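Here is how the chains run, residue by residue.
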Amino acid sequence: MKKKLVLITGSKQTRIILHDQLKELLDDYIFIECFAIDEELPGEIDGDVVLYSSESIKHEIKDRLDVQHAHEIVGNRTIHHKHINELLQIPAHTKVLIVNDDDKETLKLIESLYQVGINHVQFIPFKKQKTYYEGVEVAVSPGEIHLCPPYVKHVIDIGVRLFDMATIFELIKSFGFNQSNHSIIWDRYLRNIIELQKKLIEAEGQMKELHLHVKSVVNVVEDGILAVDFNKRITLFNKRLESLFQLSSSDVVDREIQHVISNKGLVEFITSSAEKSQYFNVNGYEMVIYKSMIQESNTTVATFKSVNQAVEIEGKAQSELRKNGFSAKYNYQDIIGEHPALLKTIEISRKMAVTQYPILIQGETGTGKELFAQAIHNHSTRKNGPFLAVNCSAMTDTLLESELFGYEEASFTGAQKGGKKGLFESADKGTIFLDEIGDISPRLQTQLLRVLQEKEIRRVGGTRVIPINVRIIAATHNNLLHKMKEGLFREDLYYRLHVLSLTIPPLRYRRTDIPLLIHHFISKSKTWTHIHPEAMKLLIEYEWLGNIRELKGVIEYLLTVCDENEVKAKDVEYRLSSQKEEHTLHEIENESVDLIELQENHALLETIKQCNDTGKAASRKWITQHLKGFTLTEQQVRNRLDVLEEKEYIIKRRGRAGTKITEKGLHYLYHLKTKQHLINP
């Protein structure tokens, strides 16, 4: 006849789960009867062995049931094996709140967690009267999750704990099973553990495979991807971020984010801010960082995009307008630099922008004249109107006329049927930017003067006068004063355009802006390549006769040829040496001058350049006092400066405005330096 085991638990849920465990192991050998305190209990217990789910349960019913003739056992409980893997995945050193409805059982649960090897975290026992647990973001509970404080972000329910091996062994001993039965029961117990272990190994393999797949995917995207778990530890750090932060993924994964990223504002945004996106300057690169939450794993994912990428995404509404060339896409924030000379130029241009007068922008090739023109338009009252740009030096005189003024049907061979509206008409209520205005013919200068004076045009081949409301911004790298003296540019047009004049400083006058521009170009290239300090020094010291346009081209080359996401000094030296060779000056090579004149020119231009490099123009007195190798009077200096100005090597201004070397003069000076062995033998 089978003996009888009576199981007594606190709740129905515990009764069902523990009964299933005992039935699976012992049902072939004994009768099992189960009761729960929160259900109806019998008047008396009739069994050979009474098994209590905990000491507190035994204490609670000792005066309610007569069990004196039965053998009593208080079971030891342990974690269900299926939850162990989840517990092991909690990051090391995490503060974990252990939540149960009985203080003693809470301590026993902690003890059993240690016994099964969960010892890499800090356990904190839950107490009902305590309402605050500092720094706790994870809670573990055996089915009592309703007791967990609401501020705990991540709760792991390990369900009802099972009886451990020691309790099963004591039951076997109490019922006096023979050796054969004993072995079968143990085999069943171990089989469950082995089957679960197989599932864990299989799941772990699948997770590793998935992790490798995810890693391979995020390493080829153009964005930087960073993932942080609920304990603020980095779980993903892709190749793009390795370039941006100059850190290896293997060195940062599983470390707390605040120990990897020094920017406190960035760390706070990723880990605790309610904002979904925010702008940051990360190691010199302008970034928009987008944040999302994966609720299932309580993981935060941050996506790093360069500002240029973000603008592409968020500016699609204006893309078609820009394709047609009717929109100014740049604003003042797109002008990169912090040098006082540039900031002063920006300040002046902002004041000019709010007026309706024409503006003449002067500056060397590649300084960003059109960038300023677009920023002025977008800062003006015409910002909602069209912006059209035309390069006057890129077209023949006839073609430029028809483009600017339009033409009537049959006005010339090949004319479009019905005629064509010109750029002045298309730019009505907006701005037209005339680049390289110094290259237009005298005939077109006359027509442009009429536009400025009368605010009206006539199409080519037409007689009808068309009123227009257009603001003209003109630009040139030429010396218009010199052209005016030679009769190549109308004096009245010059003064009409020169109502508001803006001069863009060349890059060599604001060398401190070079690193900012380099970082900007790297950011736009979406590579986040690092510039070695020695390489940066060489780039800063170079003269950049082609200004920002030349710098941009060199950076694009360096990003293409550099190795391991780093531009080294040897890369820069090779490129800049070939760059200098490209600055050929055929006109200068063919000049016929004597040796003394060459020596004087070299000394004068070098002296003027040294003064200009400080951000100042050179007066004749200053040049006379600082001239090296020659003793010249102020009058002699004046005469020689007149010659240099005629050749467009310098620009002279009256009084304190002083003298400045031109781009052409810089080319000439470099040419003289290459011939120094002949000039100063």
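In short, a report on the structure. Quick caveat: nothing in here was measured; it's all calculated off a predicted structure. (Residues numbered from 1 in each chain as written. Predicted model: local features only at pLDDT ≥ 70, side-chain atom pairs only at ≥ 80, totals over all residues. Heavy atoms only, no water.)

1. Some remarks on the overall build of the protein chain
As a reminder of what qualifies: Helix and strand definitions follow DSSP, with helices as H or I runs of at least four residues and strands as E runs of at least two, each counted in order from the N terminus. Note on areas: Shrake-Rupley, 1.4 Å probe, and residue coverage restricted to the protein chains presented here.
A count of helical and extended segments in the protein chain gives 28 helices and 28 strands. Summed over all atoms, the accessible surface of the protein chain reaches about 35,400 Å², with 50% contributed by carbon and sulfur.

2. Some remarks on empty space enclosed by the protein
Spelled out, the test is: The definitions used throughout rest on a 1 Å grid laid over the protein atoms alone, on which a cavity is an enclosed set of points accommodating a 1.4 Å probe that cannot get out and a pocket is an open set flanked by protein within 12 Å on both sides along at least five of seven lines; lining residues are those having an atom within 4 Å of a point. Grid points are joined across faces, edges and corners, and a volume is the space filled by probe spheres set on the points. Under the grouping applied here, Gly and all other residues not named as nonpolar or charged are polar, the nonpolar ones being Ala, Val, Leu, Ile, Met, Phe, Trp, Tyr, Cys and Pro and the charged ones Asp, Glu, Lys and Arg.
In the structure shown here, the tally under the stated rule is 1 cavity of 30 Å³ or more. Around the largest cavity, the lining residues are Cys392, Leu400, Leu404, Phe405, Phe424, Leu434, Ile437, Ile440, Leu444 and Leu448. Residue assignment for the lining of the largest cavity shows that the elements contributing at least two residues are helix 14 (397-405) and helix 16 (442-454). Sorting elements by how many residues they give to the lining of the largest cavity places helix 14 first, with 3 residues. Taken together, the residues that form the lining of the largest cavity break down as 10 nonpolar, no polar and no charged.

3. Details of the pairing of strand 11 (residues 224-228)
The cut-off we apply is this: For every residue, the accessible area obtained with a 1.4 Å probe (protein chains only) is divided by the maximum for its type, and the residue is called buried under 20%, exposed over 50%, and partly exposed between those limits. A strand pair is defined by DSSP finding two or more bridges across the two strands.
The element strand 11 is extensively covered by neighbouring structure, given that 5 of its 5 residues are classed as buried. Along strand 11, one buried face is formed by Gly224, Leu226 and Val228 and the opposite face, lined by Ile225 and Ala227, is buried too. Where strand 11 lies against strand 15 (residues 299-306), 5 bridges are found, and the strand directions are antiparallel. Residue pairing for strand 15: Ala227 is matched across the bridge by Val301. As paired elements, strand 11 and strand 12 (residues 234-237) share 3 bridges and run antiparallel to each other. When the bridges of strand 12 are listed, Val228 appears paired with Ile234. The antiparallel pairing of strand 11 with strand 12 creates a hairpin that spans 5 residues between the two strands, and Lys232 there sits at a positive phi of about 65°.

4. Observations concerning the sheet that holds strand 7 (residues 122-125)
Paired through their backbone hydrogen bonds, the strands of a sheet run either parallel or antiparallel. Inclusion rule: An axis is simply a line fitted to the C-alpha atoms; with a helix, the fit covers only the stretch in contact. Between two such axes, the angle follows the N-to-C directions and lies from 0 to 180 degrees. Here a residue-residue contact requires only that any non-hydrogen atoms of the pair lie within 4.5 Å.
Pairing is parallel in the open sheet, where 4 strands are placed in the order 7-6-8-9. One side of each edge strand has no neighbouring strand; the edge strands of this open sheet are strand 7 and strand 9 (154-157). For this sheet, the mean inter-axis angle between neighbouring strands, taken without regard to orientation, is 30°. As paired elements, strand 6 (residues 95-98) and strand 7 share 4 bridges and run parallel to each other. Pairing of Lys95 across the sheet is with Gln122, part of strand 7. Across the face of the sheet, helix 4 (residues 103-115) comes into contact with strand 6 and strand 7 while running at roughly 165° to strand 7.

5. Things to note about the sheet that holds strand 3 (residues 49-52)
Read from one edge to the other, the open sheet built from 4 strands follows the order 2-1-3-4, with strand pairing classed as parallel. Two strands lie at the open edges of the sheet, namely strand 2 (30-36) and strand 4 (71-74), each paired on one side alone. Going across the sheet, the axis of each strand differs from the next one's by a mean of 20°, ignoring polarity. Taken together, the 4 bridges between strand 3 and strand 4 define a ladder with parallel strand orientation. By the bridge assignment, Leu51 is partnered in strand 4 with Ile73. Against the sheet, helix 1 (residues 12-26) contacts strand 1 (3-9), strand 2 and strand 3, and its axis sits at roughly 170° relative to strand 2.

6. Notes on helix 21 (residues 547-561)
Inclusion rule: Multiplying 1.5 Å by the residue count of a helix minus one yields the expected span of that helix.
If you check helix 21, its first and last C-alpha atoms are 22 Å apart, about what 15 residues at 1.5 Å a residue would give, namely 21 Å. Among all positions of helix 21, only Asn547, Ile548, Glu550, Leu551, Val554, Ile555, Leu558 and Leu559 are buried.

7. With respect to the side chain of Thr345
Looking at the element boundaries, Thr345 is found in helix 12 (residues 340-353). The exposure class of Thr345 is buried, given its relative accessible area of 7%. Not counting chain neighbours up to four residues away, the residues in contact with Thr345 comprise Phe372, Leu502, Thr503, Ile504 and Pro505.

8. Here's the deal with the packing of aromatic side chains
Rules: Only Phe, Tyr and Trp rings are paired, with Trp represented by its six-membered ring, and only when their centres lie within 6.5 Å; those with planes under 30 degrees apart are stacked, over 60 edge-to-face, the remainder tilted. Placement of a positive charge over a ring is assigned whenever Lys NZ or Arg CZ falls within 6 Å of the ring centre and within 35 degrees of the normal to the ring plane.
Across all of its chains, the model carries 8 aromatic pairs by this definition. When the ring of Phe237 is compared with that of Phe245, the centres are 6.0 Å apart and the planes differ by 45°; the resulting orientation is tilted. Here the aromatic rings of Tyr494 and Tyr495 are separated by 5.1 Å at their centres, their planes lie at 80°, and the arrangement is edge-to-face. Directly above the ring of Tyr509 sits Arg508, whose terminal nitrogen or CZ lies 5.4 Å from the centroid.

9. Some thoughts on the nonpolar core
This is how the line gets drawn: Note on terminology: a nonpolar core comprises buried Ala, Val, Leu, Ile, Met, Phe, Trp, Tyr and Cys residues joined through side-chain atoms within 4.5 Å.
With 46 residues, the main nonpolar core has Leu226 and Phe304 as its most contacted residues. For this core, the element with the highest residue contribution is helix 21, accounting for 6 residues. If near-sequence neighbours (up to four positions away) are discounted, Phe304 is found in contact with Asp223, Gly224, Leu226, Leu241, Leu244, Phe245, Leu266, Ile270, Met287, Val288, Ile289 and Trp528. Phe405, Ile437, Leu480 and Leu497 belong to the second largest nonpolar core, which has 31 residues in total.

10. Quick look at unusual backbone geometry
Even without being a glycine, Gln246 presents a positive backbone phi close to 55°. Looking at where Gln246 falls in the secondary structure, it is placed in the loop between helix 7 (239-245) and helix 8 (249-252). The exposure class assigned to Gln246 is partly exposed, which follows from its relative accessible area of 41%.

11. Considering the pattern of salt bridges
Note on pairing: side chains with opposite charge can pair once their charged atoms come close. Quick note on the threshold: Salt bridge, as used here: a side-chain nitrogen of Lys or Arg that lies within 4 Å of a carboxyl oxygen of Asp or Glu.
For the coordinates displayed, the defined rule picks out 26 salt bridges. Of the charged contacts, one joins Arg459 and Glu408 as a salt bridge, the two residues approaching to 4.0 Å between their closest N and O atoms. Here the residue Arg459 occupies a position in the loop between strand 21 (456-458) and strand 22 (465-467), and Glu408 occupies one in the loop between strand 18 (406-407) and strand 19 (420-421), the gap between them amounting to 51 residues. Two residues, Arg459 and Glu425, come together in a salt bridge whose shortest N-O distance is 2.8 Å. One end of the pair, Arg459, is in the loop between strand 21 and strand 22; the other, Glu425, is in helix 15 (residues 423-426), with 34 residues separating them in the sequence. Arg459 gets classed as buried once you look at its relative accessible area, which sits at 13%. Connected through shared salt-bridge partners, Lys344, Glu347 and Lys351 make up one network.

12. Section: helix 16
For the record, the criterion: Directions pointing from the helix axis toward each C-beta atom define the arc.
Between its first and last C-alpha, helix 16 extends 18 Å over 13 residues, near the 18 Å set by a 1.5 Å rise per residue. Considered for burial, the residues of helix 16 that qualify are Leu444, Gln445, Leu448, Leu449, Val451 and Leu452. Along the long axis of helix 16, the arc covered by the buried residues comes to 155°, so they all point the same way. Here the buried face of helix 16 lies against helix 14, helix 15, strand 20 (430-435), strand 21, strand 23 (470-476) and helix 18 (491-497). At the C-terminal side of helix 16, Lys455 shows a positive phi close to 60°.

13. Thoughts on the side chain of Asn100
Within the fold, Asn100 resides in the loop between strand 6 and helix 4. Among all residues touching Asn100, those that are not within four sequence positions of it are Glu105, Thr106, Phe126, Pro142, Glu144, Leu147 and Arg161.

14. Looking at the packing of helix 19 (residues 514-525) against helix 20 (residues 533-541)
Packed helices, taken two at a time, are described by the angle between their axes plus the distance between the axes. Applicable threshold: In what follows, roughly perpendicular refers to angles from 65 to 115 degrees, roughly parallel to angles under 35, roughly antiparallel to angles over 145, and oblique to any angle outside these ranges. We call a crossing left-handed when the near helix sits turned anticlockwise from the far one by less than a right angle, and right-handed when that turn is clockwise.
Packing of helix 19 against helix 20 brings their axes to within 10 Å, and their N-to-C directions diverge by 115°. Between helix 19 and helix 20, the interaxial angle falls into the category roughly perpendicular. Relative to helix 20, helix 19 is oriented so that their crossing is right-handed. Where helix 19 approaches helix 20, its residues Ile514, Pro515, Ile518 and His519 are matched on the opposing element by Met536, Leu539 and Ile540.

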